[in-house]
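Coordinate analysis (summary)
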Amino acid sequence: MPSLVWFKRDLRRHDHEPLARAARDAGGAAALYAIEPDWLASPEFDPQHLRFALQSLAELRARLQPRGLPLHVRHGAMPALLDTLHAELGFDTLLSHQETGPGWSYARDLAVAAWCRARGVRWVEIPQHGVVRRLKSRSGWAARWQQRMDAAEAERPAGWRPLGAMPDAALPTLQQLGLPPDTRDGQPGGERAALQTLASFLTERGHDYRRALSSPLSAMDGCSRLSPHLAFGSLSLRRAHQATEARIAEAQVLGERGWAYALRGFAGRLRWHCHFMQKLEDEPAIEFRAFAPVYDGLRPGDLEPLGSSEQARLQAWCDGRTGWPMVDACMRSLRATGWLNFRMRAMLCSVASYPLWLHWRPTGLFLARQFLDFEAGIHWSQMQMQSGTTGINTLRIYSPTKQARDQDPDGVFIRRWVPELAAVPLDYLPTPWLMPLAIQQRVGCLIDRDYPAPLVDEAQATRAAKQAMAGLRGTAPAREQADAVQQRHGSRKSGLPPSPKPRRAKSVPVPVQQGELF
Ligand SMILES: Cc1cc2nc3c(=O)[nH]c(=O)nc-3n(C[C@H](O)[C@H](O)[C@H](O)COP(=O)(O)OP(=O)(O)OC[C@H]3O[C@@H](n4cnc5c(N)ncnc54)[C@H](O)[C@@H]3O)c2cc1C
């Protein structure tokens, strides 16, 4: 039975069940990656995303074609591309991983399913992480996650019987696709980079993970930096999980208590990945509507377009010109690198949603374009959580001044990303608007000329936001909806799925090796 492997967000060779099954097909196999116009036109898309995908695909093609699997990378809509390839190759099975993505990809999957039915092609969709399709209840979800992640990786085929000729045309460039260049200093794509990043985190960088993850200064190296690889699938979550558990066991045997403690914190985050994606899988509408409908219409922008004052606040926030140095430094750093640590993402969202009172949808779309690791299920769940619209989470309001003092006590991060403030004395760096005029003149930084004053009075605006939230949260419909959201989406232990108790290792397991695939 000839088969076609459809690469989606699984751009790797390791732990890839569709590739393993295709290798067993006596009728031969080919593979496709579609650069879809709907993706390029979607409001979450940024050229950095395609740059990362193309780097991953170039590496994949170089690995797969010499082993007999033609990899077609084509620009076009699905299922029209399938139609063309079907006429060229005559496959009767389509093999892919399941995808939990934004609305456009969900609509495309429905169209592909209809096409398969009409053409008599069997579409086999295989789960690739802990997200469960057609989940009836959250009870028992964590145990299922554990079972899947502990299962053996998909077999790694030695080769394939080629279906059709090997495409030799170069991969399209951003320019050929009519896109602007990716000018960010972002992480490189590809499986090799993914495995090296995993190995360096587990053996060199991860020792202080729990301490490093809060500050944008230490998090750059101290966090795993695996998120784009998990989002594009150049690393399988199962590989990340199993390598982490093996390293924890090794650390216990070797008496490396610091390592074991750090990596247990990290192992828990890998569960969060699927816990949050499961919410979008179960309720695709959360991309557009509040988890608890009572919050729809709370902030401007739901029912009518943003007004001019909201537009101005949104623009200043996007530009990194809010007048709060920590916010502006984080936004500018994110725009330059495509990455930011969790706490600072939460702060950006909190500032936008509370004192600036902006709707989470336009701010979330902007952030989606900045994040190389954009993952719809995590992103929209987090945007809503940090904006108070899930109904079930305690309100988390981050003060940009406190975050500056806690996470950048020496002002290194702010001075690096907001050079207008380079000469401002440390005492005034988190709050430059409080600088006496004489100091402003002495250091050459006049507020409102060289650097903006805060867009709003933070304390006053936050108080008003809290009052608006409290007024709604206390109502009967809000309480009823919160119960329903908890029932449908909440983890069954307080907060999030639990980390398993570390298993005692009898012998020293072999940790992941750098570049072991190549
Ligand atoms: C408003 C907002 C939007 C976000 N949008 C995204 C997004 O689009 N894509 C994305 O991958 N993460 C998102 N996150 C979660 C988190 O900030 C990133 O996963 C993390 O910063 C990525 O860096 P890392 O891989 O070094 O993380 P590490 O701390 O090393 O964590 C390892 C992995 O665990 C998972 N993880 C970590 N934290 C979380 C979390 N809070 N929720 C769910 N999974 C988590 C991710 O897969 C991550 O790659 C968002 C957070 C916020 C507050």
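To keep things clear, this report deals only with the structure shown in the data block. (Residues numbered from 1 in each chain as written. Predicted model: local features only at pLDDT ≥ 70, side-chain atom pairs only at ≥ 80, totals over all residues. Heavy atoms only, no water.)

**Looking at the overall build of the protein**
From N to C terminus, the protein includes 22 helices and 5 strands. Taken over the C-alpha trace, the protein has a radius of gyration of 24 Å; the compact-globule value for 518 residues is 24 Å, and the two agree within 12%. Expressed along its principal axes, the backbone C-alpha trace of the protein runs to roughly 80 × 55 × 50 Å. Counting every position in the protein, which comprises 518 residues, the buried fraction comes to 58%. If you take every contact in the protein between residues at least 6 apart in sequence, the share linking residues at least 24 apart comes to 78%. Carbon and sulfur atoms make up 53% of the accessible area of the protein, which totals about 21200 Å². The average position of the 65 basic charges and that of the 52 acidic charges among the side chains of the protein differ by 5 Å. (Helix = DSSP H or I, 4+ residues; strand = E, 2+ residues; numbered from the N terminus. Rg over C-alpha atoms; globule rule 2.2 N^0.38 Å. Buried < 20%, exposed > 50% of the residue type's maximum accessible area, 1.4 Å probe, protein only. Contact = heavy atoms within 4.5 Å. Areas by Shrake-Rupley, 256 points an atom, 1.4 Å probe, with all protein chains shown as cover. Lys, Arg positive; Asp, Glu negative; His and termini not counted. Charge placed at Lys NZ, Arg CZ, Asp CG, Glu CD.)

**Side note on the site of the ligand**
Looking at the ligand, there are 25 residues lining it, with Tyr-209, Ser-224, Arg-225, Asp-373 and Glu-375 nearest. One of the backbone nitrogen or oxygen atoms of Asp-373 is found 2.9 Å away from a nitrogen atom of the ligand. At the level of elements, helix H10 (227-232), helix H12 (257-282), helix H15 (342-353) and helix H17 (376-387) are the ones that each hand at least two residues to the shell around the ligand. Broken down by class, the residue content of the shell around the ligand amounts to 15 nonpolar, 5 polar and 5 charged. (Near = heavy atom within 4 Å. Polar contact = N/O pair within 3.5 Å; in protein donor to acceptor, adjacent residues only side chain to side chain. Nonpolar A, V, L, I, M, F, W, Y, C, P; charged D, E, K, R; others polar.)

**What to know about the pattern of salt bridges**
Applying the stated criterion across every chain, the model contains 28 salt bridges. The closest approach of N and O atoms between Glu-375 and Arg-9, which form a salt bridge, is 3.2 Å. One end of the pair, Glu-375, is in the loop between helix H16 (360-370) and H17; the other, Arg-9, is in the loop between strand S1 (3-7) and helix H1 (17-23), with 366 residues separating them in the sequence. For Glu-375, a relative accessible area of 7% gives the class buried. Residue Arg-9 is classed as partly exposed on the basis of its relative accessible area, which comes to 22%. Residues Asp-319 and Arg-335 are paired through a salt bridge, measuring 3.7 Å at the closest nitrogen-oxygen approach. Here Arg-335 lies in helix H14 (residues 325-337) and Asp-319 lies in helix H13 (residues 308-319), a separation of 16 residues in the sequence. Three or more residues are tied together by salt bridges with common partners; here these are Lys-8, Glu-36, Glu-99, Arg-108 and Asp-109. (Salt bridge = Lys/Arg side-chain N within 4 Å of Asp/Glu carboxyl O.)

**A few points about unusual backbone geometry**
The linkage connecting Met-78 with the following residue, Pro-79, adopts the cis geometry, with an omega of 5 degrees. Summarising the element assignment, Pro-79 is placed in the loop between strand S3 (71-75) and helix H4 (80-89). With phi around 65 degrees, Arg-225 is a residue other than glycine that occupies positive phi space. Residue position: Arg-225 is located in the loop between helix H9 (216-222) and H10. Here Arg-225 falls in the buried class, since its relative accessible area comes to 13%.

**Here we look at the pairing of strand S4 (residues 93-97)**
In terms of burial, S4 is a largely internal element, 5 of the 5 residues being buried. Relative to S4, S1 runs parallel, the two being bridged by 3 bridges. Bridge pairing in S4 places Ser-3 opposite Thr-93. Bridge count for S4 against strand S5 (residues 122-126) is 5 bridges, and the pairing is parallel. Within the sheet, the bridge partner assigned to His-97 lies in S5 and is Ile-126. This β-α-β element, S4 to helix H5 (residues 103-119) to S5, shows right-handed connectivity. (Pairing = 2+ DSSP bridges. Right-handed = clockwise from strand over helix to strand, strands pointing away.)

**Quick notes on the sheet that holds S5**
Across the sheet, 5 strands lie side by side as S3-S2-S1-S4-S5; this open sheet has parallel pairing. Every interior strand has two partners, whereas the edge strands, S3 and S5, have only one. Pairs of neighbouring strands in the sheet enclose a mean axial angle of 25 degrees, with direction left out of account. On the sheet, helix H3 (residues 47-64) packs against S1, strand S2 (29-35) and S3 and is oriented at approximately 155 degrees with respect to S3. Along the sheet, H4 makes contact with S1, S2, S3 and S4, crossing S3 at roughly 140 degrees. (Axes fitted to C-alpha atoms, helices over the stretch in contact; angles between N-to-C directions.)

**Description of helix H18 (residues 400-407)**
Taken together, the buried positions of H18 are Pro-400, Thr-401, Gln-403, Ala-404 and Gln-407. When H18 is viewed along its axis, its buried side chains cluster within an angular range of 165 degrees and face the same direction. In this structure, the buried residues of H18 make contact with H9, H14, H15, helix H19 (412-417) and helix H21 (458-473). (Arc of directions from axis to C-beta.)

**Focus on the packing of aromatic side chains**
Under the definition given, this model contains 9 aromatic pairs. Centroid distance Trp-6 to Trp-123: 5.8 Å. Interplanar angle 40 degrees. Geometry classified as tilted. Note that Trp-6 is positioned in strand S1 and Trp-123 in strand S5, a separation of 117 residues in sequence. One aromatic cluster is present, formed by Phe-201, Tyr-209 and Phe-266 through successive ring pairs. The cationic tip of Arg-269 hangs over the ring face of Trp-272; the distance from NZ or CZ to the ring centre is 4.7 Å. (Phe/Tyr/Trp six-rings, centres within 6.5 Å; stacked < 30°, edge-to-face > 60°. Lys NZ or Arg CZ within 6 Å of the ring centre and 35° of its normal.)

**Focus on H13**
Its 12 residues place the ends of H13 16 Å apart at the C-alpha level, agreeing with the 16 Å of an ideal helix rising 1.5 Å per residue. The set of residues buried in H13 consists of Glu-310, Arg-313, Leu-314, Ala-316, Trp-317 and Cys-318. Tucked into the core, H13 has its buried residues touching H14, H15 and H16. Phi turns positive one or two residues past the end of H13, at Gly-320, with a value near 70 degrees. (Expected span 1.5 Å × (residues − 1).)

**Some points on the packing of H4 against H5**
Relative to each other, H4 and H5 sit at 30 degrees, their axes nearing to 10 Å. In terms of orientation, H4 lies roughly parallel with respect to H5. Pair H4 / H5 crosses with right-handed handedness. For the pair H4 and H5, the contacting residues are Leu-82, Asp-83 and His-86 in the first and Val-112, Trp-115 and Arg-119 in the second. In the contact of H4 with H5, the residues fall into 3 nonpolar, 1 polar and 2 charged. (Parallel < 35°, antiparallel > 145°, perpendicular 65-115°, else oblique. Left-handed = near helix turned anticlockwise from the far one by under 90°.)

None of the figures reported here should be taken as evidence of function without further support.
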